[in-house]
Every structure is written in C-alpha cells, then in structure tokens.
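# Analysis of the macromolecular model
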Amino acid sequence: MKVNYSKTLAGFTLCLYLQLIAAKSLAGLKDQAFMILGSRASENALRRQTRSLSSSITSVRVTSVVKSRFAKVTTVSEMENTHDEAKELTFSIRLPDAAFITEFTMLVDGVTFIGKVKEKALAEEEYKKAKASGNSAGLVTADIRETQTFSVAANVPAQSKVTFTLVYQELLKRRLSKYNHEIFVNPGQIVDDFVIDVYITEQTGITMLEARPPQGGMGPRGKVASGYDSTGIVPIDIDIRRSKYQAKVTFKPSSTQQRRLLMIPENDRKMTVIYDVTREFLGGEIQTRNGYFVHYFAPQNLPVLPKRVVFVIDRSGSMRGTKIAQTKSAFETVLKEMSDADEFNIVTFAGDITVWETESDLVKVTEENVKKAIKYVRSINANGGTNLNGGLLKGVELLESVGADERVSSAVITLSDGDPTAGVTDEAQIRKNVKKAVDGRFSVFCIGFGRNLNHDFLKRLANENDGLARKIYEDSDADLQLEGFFQEVATPLLLRVVMSYSGSNISDVSKVHCDQYFDGSEVLIVGAKLDDKPLHSKIIGHSLEGEVEYNIVSSEVDDSFQHWYDDTGDFEDFIERIWAYYSIREKLEDKVLAETDEEVKKLVDEAMALSLKYNFVTPLTSMVVVLPEDEITTTTPVTPTVYPPIPPCWFRGATIPDYITGPPIWCPYIIDGKAETNRPTATRRLSSVRPAYGRISGAAPAAPAPAGARPAAPQSRTAPPQKSKTTSAQKPVKNNAPAFGGFGFSPYIMSDVDMYGYAPSVLVQKADNCSGTLTNDSASISLPEQNHSLTTVLCEWDIKLPKGSWIDLYVERLESSHNEVSIVSKGETLVAHYGGVTASKYFYIAHNEFYVVMRVDPAETLQTGLVLKYQRFVPDDKPIVTEKKTQYTESGPTNCGQTISSTDASSGYITSPNYPSSYSSNSHCKWKIENLDASNKELKITFLDMDIETNGNKECLHDRAVITTKDSSQNFCGMQTNEAFSSSDDVVTVEFISDANLQSGGFRAHYEFVPKVTNH
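Residues numbered from 1 in each chain as written. Predicted model: local features only at pLDDT ≥ 70, side-chain atom pairs only at ≥ 80, totals over all residues. Heavy atoms only, no water.

## Let's talk about the overall build of the chain
What counts here: For the purposes of this entry, the term helix denotes a DSSP run of H or I that reaches at least four residues, the term strand denotes a run of E that reaches at least two, and both are numbered from the N terminus. The rule is simple: take the accessible area with a 1.4 Å probe, protein chains only, and divide by the maximum for that residue type; under 20% is buried, over 50% is exposed, in between is partly exposed. Should any heavy atoms of two residues lie within 4.5 Å, those residues are considered in contact. Using the Shrake-Rupley algorithm and a 1.4 Å probe, accessible areas are obtained, with residue cover drawn only from the displayed protein chains.
Within the chain, the regular secondary structure consists of 15 helices and 57 strands. For the chain, buried positions account for 53% of its 1016 residues. Long-range contacts, defined here as pairs at least 24 residues apart, represent 79% of the contacts in the chain between residues at least 6 apart. For the chain, the exposed surface amounts to about 44600 Å²; the carbon and sulfur share of it is 49%.

## Some thoughts on the side chain of Thr 201
In plain terms, the rule: Pairs of N or O atoms are called polar contacts if they sit within 3.5 Å, as long as, within protein, a hydrogen donor faces a hydrogen acceptor (for residues adjacent in sequence, only side-chain-to-side-chain pairs).
Looking at the element boundaries, Thr 201 is found in strand β13 (residues 193–201). Side chain to side chain, Thr 201 and Gln 246 meet in a polar contact 3.4 Å long.

## Section: helix α9 (residues 427–438)
Basically, it comes down to this: What a helix is expected to span follows from its residue count: subtract one and scale by 1.5 Å. Within this analysis, the arc is defined by the directions that extend from the helix axis to the C-beta atoms.
End to end, α9 covers 16 Å across 12 residues, agreeing with the expected 16 Å (1.5 Å per residue, within 8%). Along α9, the residues classified as buried are Ile 430, Arg 431, Val 434 and Val 438. Mapping the buried residues of α9 onto a view down its axis gives an arc of 100°, with all of them on the same face. Where α9 begins, the side chain of Asp 426 points an oxygen toward the backbone nitrogen of Ala 428, at a separation of 3.4 Å. Of the residues flanking the end of α9, it is Asp 439, one or two places downstream, whose phi is positive at about 55°.

## Section: the confidence of the model for the chain
The predicted coordinates of low-pLDDT regions are not to be read in fine detail. To be explicit about the condition: What pLDDT expresses is the predictor's confidence in each residue, scored from 0 to 100.
In the predicted model, the chain carries a mean pLDDT of 74, and 70% of its residues have values of at least 70. Confidence over residues 629–649 falls short of pLDDT 50; this stretch has 33 contacts with residues more than four positions distant or in other chains. pLDDT under 50 marks residues 879–892. Its contacts with residues more than four places away, or in other chains, come to 23 contacts.

## Here we look at the pattern of salt bridges
Put simply, the rule is: The rule for a salt bridge is simple: a side-chain nitrogen of Lys or Arg has to be within 4 Å of a carboxyl oxygen of Asp or Glu.
Per the counting criterion, the structure on display carries 29 salt bridges. Note that Arg 69 is salt-bridged to Glu 522, the shortest N-O span being 3.5 Å. Of this pair, Arg 69 sits in the loop between β3 (57–67) and β4 (70–81) while Glu 522 sits in the loop between β29 (513–518) and β30 (523–529), placing them 453 residues apart in sequence. Each member of the pair, Arg 69 as well as Glu 522, is classed as buried. One salt bridge in this structure joins Asp 352 and Arg 315, with 3.1 Å as the shortest N-O distance. Placement of Asp 352 in the loop between β21 (343–349) and β22 (353–355) and of Arg 315 in the loop between β20 (307–314) and α6 (322–336) is noted, with a sequence separation of 37 residues between them. The network of salt bridges with shared partners includes Arg 69, Arg 174, Glu 202, Asp 276, Arg 279, Glu 285 and Glu 522.

## Section: the packing of aromatic side chains
Put simply, the test is: Ring pairs are drawn from Phe, Tyr and Trp, using the six-membered ring of Trp, whenever the two centres fall within 6.5 Å, and their geometry is named by plane angle: stacked under 30 degrees, edge-to-face over 60, tilted for the rest.
The final tally for this structure, using the stated rule, is 24 aromatic pairs. Seen in terms of ring centroids, Phe 344 and Trp 356 are 5.5 Å apart; in terms of plane orientation they differ by 20°. Their pairing is stacked. With Phe 344 in strand β21 and Trp 356 in the loop between β22 and β23 (363–364), the pair connects residues that are 12 residues apart, well separated along the chain. Across the pair, exposure class does not vary: Phe 344 and Trp 356 are buried alike. The interplanar angle of 55° and the centroid separation of 5.7 Å between the aromatic rings of Phe 992 and Phe 1003 together place this pair among those described as tilted. On the criterion of sequence distance, the pair formed by Phe 992 in strand β56 (residues 987–993) and Phe 1003 in strand β57 (residues 1002–1011) is long-range, its members being 11 residues apart.

## Some details on the nonpolar core
Quick reminder of the rule: The definition of a nonpolar core used throughout is a set of buried Ala, Val, Leu, Ile, Met, Phe, Trp, Tyr and Cys residues joined through side-chain atoms within 4.5 Å.
Ranked by internal contacts, the top residues of the largest apolar core, which has 54 residues, are Phe 104, Ile 196, Ile 200, Leu 209, Val 249, Phe 251 and Tyr 275. Residues within four places of Ile 200 in sequence aside, it is in contact with Val 66, Ile 206, Leu 209, Tyr 245, Gln 246, Ala 247, Val 273 and Tyr 275. Counting residues in each nonpolar core, the second largest holds 34 residues, with Phe 331, Trp 356, Val 365 and Ala 373 among its members.

## Considering the pairing of strand β46 (residues 841–845)
Quick note on the threshold: For two strands to be treated as a pair, DSSP must find no fewer than two bridges joining them.
Counting buried positions along β46 yields 4 of 5 residues, so the element is predominantly enclosed. Pairing of strand β42 (residues 806–816) with β46 involves 5 bridges; the strand directions are antiparallel. When the bridges of β46 are listed, Asp 808 appears paired with Tyr 844.

## Some thoughts on helix α14 (residues 597–613)
For an α-helix, 3.6 residues make a turn, and residues three or four places apart therefore share a direction. In a regular helix each residue adds 1.5 Å, so 17 residues correspond to 24 Å; α14 covers 24 Å between its end C-alpha atoms and thus fits that length. Leu 603, Val 604, Ala 607, Met 608, Leu 610 and Ser 611 are the residues of α14 that are buried. For α14, the buried positions fall inside an angular range of 165° around the axis, keeping them on one side. Facing away from the buried side of α14 by over 90 degrees, the exposed positions are Glu 598, Lys 601, Lys 602 and Lys 613. Just beyond α14, the residue with positive phi is Asn 615, at close to 60°.

## Some words on the sheet that holds strand β14 (residues 206–212)
Pairing in this open sheet of 4 strands is antiparallel, and the strands run β11-β12-β17-β14 from one edge to the other. On the outer flanks of this sheet lie β11 (174–175) and β14, each paired with one strand and no other. The sheet contact formed by strand β12 (residues 178–184) and strand β17 (residues 270–277) spans 6 bridges and is antiparallel. The partner of Phe 184 across the bridge, within β17, is Lys 270.

## Section: the state of the cysteines
For the record, the criterion: In plain terms, two cysteine sulfur atoms within 2.5 Å form what is called a disulfide here.
As enumerated under the stated definition, the model contains 2 disulfides in all. There is a disulfide in this structure between Cys 896 and Cys 925, and the S-S distance comes to 1.5 Å. As the torsion about the S-S bond is roughly -75°, the Cys 896-Cys 925 disulfide counts as left-handed. Of this pair, Cys 896 sits in the loop between β48 (865–873) and β49 (899–901) while Cys 925 sits in strand β51 (residues 924–930); the two residues are 29 residues apart in sequence, bridging distant segments of the chain. Given a relative accessible area of 22%, Cys 896 falls into the partly exposed group. Exposure remark for Cys 925: the relative accessible area of 0% places this residue in the buried category.

## Comments concerning a negative patch on the surface
The condition is simple: A patch consists of residues exposed above 30% relative accessible area that lack any salt bridge, with like charges linked at up to 9 Å and nonpolar side chains (Val, Leu, Ile, Met, Phe, Trp, Tyr) linked at up to 5 Å. Think of it this way: Lys and Arg go in the positive column, Asp and Glu in the negative one, and His and the chain ends go nowhere. A single reference atom marks each charge: NZ on Lys, CZ on Arg, CG on Asp, CD on Glu.
On the surface, Glu 595, Asp 597, Glu 598 and Glu 599 cluster together to form a negatively charged patch. For Glu 595, the location among the structural elements is in the loop between α13 (574–593) and α14.

## A word on the environment of Arg 496
Mapped onto the fold, Arg 496 is located in strand β27 (residues 492–502). You can call Arg 496 partly exposed: its relative accessible area is 33%. In sequence terms Arg 496 and Ser 543 are 47 residues apart; their C-alpha atoms lie 9.3 Å from each other. When residues no more than four places from it in sequence are discounted, the contact partners of Arg 496 are Ala 404, Cys 514, Asp 515, Ile 540, Gly 541 and His 542.

## A few points about unusual backbone geometry
In this structure, Pro 916 follows Tyr 915 across a cis peptide bond, with omega equal to 10°. As for its placement among the helices and strands, Pro 916 is situated in the loop between β50 (907–911) and β51. We note that Arg 69 has phi near 70°; this positive angle belongs to a residue other than glycine. A relative accessible area of 1% means that Arg 69 is categorised as buried. Positive phi is not limited to glycine here, since Asp 439 has a value of about 55°. Assignment of secondary structure puts Asp 439 in the loop between α9 and β25 (443–449).

## Topic: the sheet that holds strand β33 (residues 555–556)
Note on sheets: strands pair through backbone hydrogen bonds, and any given pair is parallel or antiparallel. The strand order β28-β30-β19-β18-β33 describes an open sheet built from 5 strands, whose pairing is mixed. The open sheet terminates on both sides in strands that have one partner only, identified here as β28 (506–507) and β33. The pairing of strand β19 (residues 292–297) with β30 spans 6 bridges and is classified as antiparallel. Looking at the pairing, Tyr 292 lines up with Ala 528 of β30.

## Examining the packing of α6 against helix α7 (residues 367–378)
Threshold: Fitting a line to C-alpha atoms yields each axis, with helices limited to the stretch in contact; the angle taken between N-to-C directions then spans 0 to 180 degrees. We call two directions roughly parallel when the angle between them is under 35 degrees, roughly antiparallel when it is over 145, roughly perpendicular when it lies between 65 and 115, and oblique otherwise. When residue character is reported, Ala, Val, Leu, Ile, Met, Phe, Trp, Tyr, Cys and Pro are called nonpolar, Asp, Glu, Lys and Arg charged, and the others, Gly included, polar.
Contact geometry of α6 with α7 gives a least axis separation of 10 Å together with a crossing angle of 170°. The angle between the axes of α6 and α7 places the two elements in the roughly antiparallel class. Residues Lys 328, Phe 331, Glu 332, Leu 335 and Lys 336 of α6 form the contact with α7, whose own contacting residues are Val 370, Ala 373, Ile 374, Val 377 and Arg 378. Within the contact of α6 with α7, the residues separate by chemical class into 6 nonpolar, no polar and 4 charged.

## Comments concerning the packing of α9 against helix α10 (residues 455–463)
Rule in force here: Left-handed is the label given to a crossing in which the near helix is rotated counterclockwise from the far helix by less than a right angle, and right-handed is the label when the rotation is clockwise.
Here α9 crosses α10 at 20°, and the two axes come no closer than 10 Å. When the interaxial angle is binned, α9 and α10 end up roughly parallel. Once α9 is placed against α10, the crossing between them reads as right-handed. Residues Glu 427, Ile 430, Arg 431 and Val 434 of α9 pack against Phe 457, Arg 460 and Leu 461 of α10. Classifying every residue of the contact of α9 with α10 by side-chain character gives 4 nonpolar, no polar and 3 charged.

## Looking at the pairing of strand β18 (residues 285–289)
With 5 of its 5 residues buried, β18 lies for the most part within the structure. Side chains Glu 285, Gln 287 and Arg 289 of β18 all project onto a buried face; the interleaved residues Ile 286 and Thr 288 project onto the opposite face, where all are buried too. Alignment of β18 against β19, held across 5 bridges, turns out to be antiparallel. Within β19, the residue paired with Ile 286 across the bridge is His 295. Hairpin connection, β18 to β19: the antiparallel pair is bridged by 2 residues, and Asn 290 has positive phi, about 50°. Across 2 bridges, the pairing between β18 and β33 is parallel. Its bridge partner lying in β33, Gln 287 is registered against Ser 555.

If you want it as structure tokens, here you go:
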C-alpha cells in the first residue's frame, strides 16, 4: 500500500519508544537495556511532559495456551485517544523472568509496526538506517536482570485507536510438586473489557488444578488502601473448567476488583494457575513430535537423603540494621526445619572469616546444638568489609569431610547482600573459584537481603552450582518470605543421576546428568530425533537405599487430539520450541563457565542461530520495530505546491512552521528504566518571591491575586504549645484576613508538630484560598506554581462524599524541593511526601472521606508541584455468578440415545457421542431404560470411564450425565470412575448434556439387570 508521506506525518506516523528491561540471569552480558531515537539529553524534561489518559485503555485480552508445560501467552491491548489532539498512549506489560518475547505488532489507523528479531549488531544497523532515513523505529534488547518490563508508547492521532499485540513463551518450572503459571496484570487503570483465559493441555492428564487471585498480606494501611481483603487476597471472578487432560481458567476482574489490584504492591499483581500432571511411570515421560523429544523425569516415593549443610553468614557493615535482623530470623527458620539425621556448621564473615564449631567440621542437629547455634547467631554484630569469596570457600572446605560415596546431600547456604568489598571482589572470579571448589559435589543456595541486593550475582552463583536463590524484601518478615524455600531443598531423593538413550538416532541433546534431584522438582532433557523409531531411556541414580534404575519408552503426541483452544498457529511445533528454548538457556549458562575463547564463540554462535531461527529476543538478539517498507514509500503530492523538506518528526522545543497544519509528530524518546528516587531536600529557607495559586478543577476555582498587588507584611505570631500527638485536621478559626501573595489567610497557625508530630521549626499560616471542603463527585486539585508570600503557608482540602461512596484517588504528580504533602483517610496516612520526586500512585478508598494537607514553602524551586484527581464510585463487589445449567425437559430436543428394554438384552453399554474421542458441542442424548421385570430385578449402571467437563469445585455446572428415576435425579461429571447406580423403578432415564463451549472424552457406562437381593 502506497501512502502519501506528508499525510502520513500529519495523520498517523508514530512517535515510538520501546523498553525491555531485564531477562532472567543467563550469562555475563552487560548489554544496553534499550535504544531508541531521540535526544537523551532532554530525556528527563520529556518524561515529565508525558500525560496519562485515565480512560485510554478500552480492552485487555490475555490468552495463554499451555501444552506440556510450555506456555504461549498473547496479550492484545486496545487503546483509544478520545481527545481532539494527538496524545501519547503507553502499553506496558511485565513478563516472567524466564520468558522470551517472540512477536510484537502495533496497529494504528491501518498502519502496522512489526517487530523483527535480528542479531544485535544487524538490528542496531537497521535501527540506525531507519533513523537516518527518517522512519519511526525502535530497538528492543534483552538485558540480564531479574525481571522484564516491556513498554511501548505511541503518539496516536486525535480520535484514533491503537492495538498492541505481544507474544512471549515460557517453560514452566516445577516447584514443590506443582507448576506455577503466573500472568502479571497491571494496566494501570480500570478497563471495561479485561479478560485472561488460560488453556492447559497435558497428554498424561491433570491431577490437580487451582487458580489463585493476587495474594499478599495486610499492610499497615489495612483495608483503607491495601486492596487485600481480611484473608490477604484480592477477590477476583474466576471460572474453572477442566477435564482429564485439559483445563480452562478464566479471570475476569470487575471494576472494583481492578481498583483493589491497583492498590497492592506491583509484585503481587498477578493471576496464578497451579497444576500438576499424572505420572504413570517412575522413569518419567518422553514426548516426541516432528523430529524432537522432551523427557520429563520426576520420581516420587523415595526415602529422603540426610543433609550436610554449612551456613555462610555475612556480618559485614553493609548488613547493619534490617538486613542482619532478617538474616538471623532466616537462619533460625531454616535451621529449625532440619531433621535429626542432618549435620551442620556455621561460617561468618566480614573482612575476616570465623567458624562457629571448630572441634569438628560438622555437628549433629540436636536440640542442644540448635539452641547453641541460635544463641551464637543472635550475638553477631555487623561491621567491617565483605570477604564473600573467603566465606564461601571456607564453607566448601568444611564439606570436604563428606565422602564422595556417602549417600548424603551436601549444600552451602549463604545469607548475604552479595556485595563483596574485601578479599577477592571480582564477581566473575568468585563464581569461578566457587565452581571449581564445589566441582559438582555440593549445591550452593543463596538467600539475599536488602534493597541494594546484588541478586543477579547471587542468582548466577546458585544456578551454576545446582542451587536456588531467594530475595528477601526489607518490608516484610523474613520467615514468611522463606516459606516454601527450605521445602524445595529439604527433601533430596537422588544423587548422581544419569540418563542414556537408545533405539533411535538423536542429536543436539541437552545435559543428561543431574548431581542432585529434590522431591517436587523435575529434571528435563531435550533433543532432536533423526528417525521415526521409538526412543528408549535408562535412568540410573543413587538413593538412600542404593542404586536405582528406571526405564521408559517414548510416545508420539497425538495429532488427532482435540484441543479446547484451536487457534494455536505455529504453536503446533511446541516440542521443537521447547527444545530451542531450553537449548538457548543452557548454552548461555554454559558460556559463563567456558574457559577458552573458542568455547565461548561456539556457544554464542549456536545460541544466536537458535534465537534467530525461532524468533526469540535473547541477550544475543534484538527486536527491530519498523514500518513495512511498502508503507513508507513516498509519493508525489496531488497539488503542485512545493514545501521545504519535512523532517520525519519534530524535537521538543522546535519551532513548528506555519505550513504544518496538522498536529506535529514528536520524535521518539527513551523512558528512564531506573526507578525514580527522591531528590534530597534542600535546607528550609524563606526566600523566593513568585506567585502561587491553589487550583481545583471541578469545583469553584481559587481567585488569583490582583495584578500588581503587593503582599502584605507578615504578622508576628506565636507557636502553640507542643502536644503529644495531634493531627492536621483541626478546624481553623476563620477571619477576614487580607489576601497575602495570592492566598487568603486565617489566623490559625499550624506548626510542624501538628502535621508531623515533632517540635515546630517554621510557623505556617493557613490559606483559605487553597483550602476548603469538597463534595463534588470528581475534582482535580493542583498546586503547580510557587509561593509568592514571605512565609510558609498551609493548604487543606477536606473531601466528603455521600455515605456509601468509595473513592478512586490518583496522585498524578508529586515533585518538589521544599513543599510537603500529606494525604490521610480515616487516620491512615496514604501519602507522606517530604520533597523530591515520587512516582504516581493510585488508591481506592473504601469509604467516603479523605483530606489533603499541603505545606507550601516560598523556597520551592520545582514548578511541577502537586496534581491529584479523585472520582466517586459505588462498589460493585458481588458474589461471583456461576453459569447456570441448561435445563432440558422431557419434550426437549435430543440428538442421540435410544430406548433399551430388559427383554432385549440383560446387559450392555452406553457411551457418549464419538467415544472415546471428544463429544460434540450442544449434545443432548437420552436413553430410556425399561425394566419389565422390576418386581424381581433391579437395574445397575456402572461408569467404567468418565472424562466430562467440570469446574474447580467438581460441580456439574457445564456438561454432565444425568440419571433420573421416579423420585430423584443425580448428576455425574469430572473423572469419576467405578461409580455405581442401582434402581428398581420400571423406567430409568440416562441423559448426556453438553454446552457450546468445551468438549472432553465423554463416558462409557455398563448396565445390567440383576436379581434383587432379598433380606431375610
């Protein structure tokens, strides 16, 4: 399609930025997190110009298709610019740390931006070429961090829509005998059409299924602003449907539930589907398809091996305060979980290294030793440097006494902030030293503490030594955050596990050995299969009772299996993509430990080739987002008028020529990926003399000071006596004070002790013109300029809405050098801003009142000030409405079934349509069974096989088999087998009913007429 270039610029050329922060710790790459057109020098100023559109997102649809633990997640977000001018709309999504982005498109006014994965150097070259030619473009790269956030902003023309589509893929990891599929949800506003659908298909069957809404805990704000209910969850409307091999989970949060979501910590804003699969063989399950295989190995019911553990505890100066307190708590939590068969010791380190028990390398876990160890750790003081390398190597040294043939599981558990400052401080060298010392004999587990935690380093250290890493946040109890961690490492079942394969030619196989296998986890092996022969595997490991051996044969994934989600596209090659995904991650991990340049190059080249072939954004590739070339070809204008060359976009601050009649297209810019931090508050001084007016939209505006008016001289005032605790909500005494620098003052004086609970230092005067009571359903309060007066003034707004109301509160901006803001509701402080830059915040208030106190200092230097908006709403929390069963009457339509008489046969079988294949939608089968000898015989029906759709509570709300007698009716669904039913009625009706949504395998039932049992 040819598009006029000038029209494109005036109408819908996009100004775009892309940001992909962080991928899971894979290798030691230090790539730039993102690149994009635009001036980096003006980044901060441009970022402050961005405006959020409270109603821009019209739809968010997330569809996840999970096959054999591999998830393909597609997010489609539709946004609309309802304004009469171009606006910047932003699509942002947080991804799981193990996910790889595979597709991205953006559609605006019929113009499609397409993401293409290319080698980093080539992607950067194309990006620069697009920039030089004046085309909108962006470059997405993957960095090596803990989490990923993908953000895209488009400058959307007036009254236009944009549709963002993002696809990522992820291999689910098994922990504590469950797979956790987490989908982060954070649109940042209320969305009318917000649905998440998760479809799961497992060839061996699904044993358990659970859907969890966001969970957390009650914070200090309680129900006012936390979002959680009294049980620590955010209630969400959830619909669960499942059969033996498949499941569908739908999350559909209401508007009030979405408000709750916006109030909880961002890490908790996720929907989670938890499930596990049927395991028929101890040797696991080998699935093959289209020339590739995946082997899942997770044996159970083995005796637990004894553990030998050395705790390596950081007591350096950087651990002072909360960190060392949490470290002590975490140590006690883990130690108390150890059993009598285990042994342990403690190493502490700062600049020096200290061993707790020096008489022997390890001591038994006894009640006396546990008490002594806890007392010892509680006495630790944090001081000095951080010789992490020395502490870890000493811990490994203490485990040297464990024999290679002993049937025990050995591990080092380090508790630190991961910031080496003494001894060996190079992180790469520390990792090599530890890896060499461990030599595959032990595991290294890392528990990290603090906001400045070097979690990436600790994570790599653990992953390279068959361990796990956990981050402990400072604002919560360490023992609560460690819940489940020790369970993952407390039950070692096998040592030195080796898999071998035969019967089929295979290549490109991942690692076939595992030093330790823990109960509830899973070992995964992938490879390419070069022929159609069955693949055999022999697995040998060492348990507490000696050597064990398992054997397993592969099975081809059934192509004829009917999936509940048909539109899977290229996801039919899911086993091949599992192989590629897993191989890339393994090669990038191996790259870190490669000892020669040749090894590094080989691993990088192989991982690069796989990333490009399968369209994965990895640390070696980037996604270039550009317009298709045929859509940016210039054409000759219809009119002969000649204009100067039009640049592809305009930089902020540039003068726009008169001949540009449409809204200007601003050049792209970079979003700052780093969290904003508070700017240091300057020393308080009463100086600057510039106008300052309180402004409120939606209510009567404050009157500005008359032009040229001189401020009145400040009056001498005396501070009130200090009180033990007061609040800023005291009622002022009004008078007719003159306007003072744009503010009307009342004689009431508010001191620092009134507002913040400490002794007064500066007297503040209450300004009537920026204070008052608001009863409007919605309003915007702002203080964007500066204080003209010669003294600090106070603005107070009391918001009081009708009873039964709840309030949406959006604090859009808090930027100041001296001004201070407090927002309080029902005695709970929602915002306490003491200068600096605070990120925007959203609150929902579960009642009808709050108040705002603004302390306006004449020394203020930032003019962006305060902007907050509120909106009244009535909560719509209601019990979840479950879909009603379709009712059929005796005269209702049937499309299968028959009449069966006892004179025709004494026994037989009844099956659902298409059994053993999936039954069809909207089935209604009816079998009328007549017992013509009811006085002597009774009818007995037994379900031999059943796979009928049910919900999470095993209720028959959707599809079902129904047996009806003269006096009763009984429903059957789910995976019930060997269910028996008996009746002496003359007529018994068996019905099978399915709805239009999902289909399963159906049922097979046996019926027979048997003699009645006579009781004597």
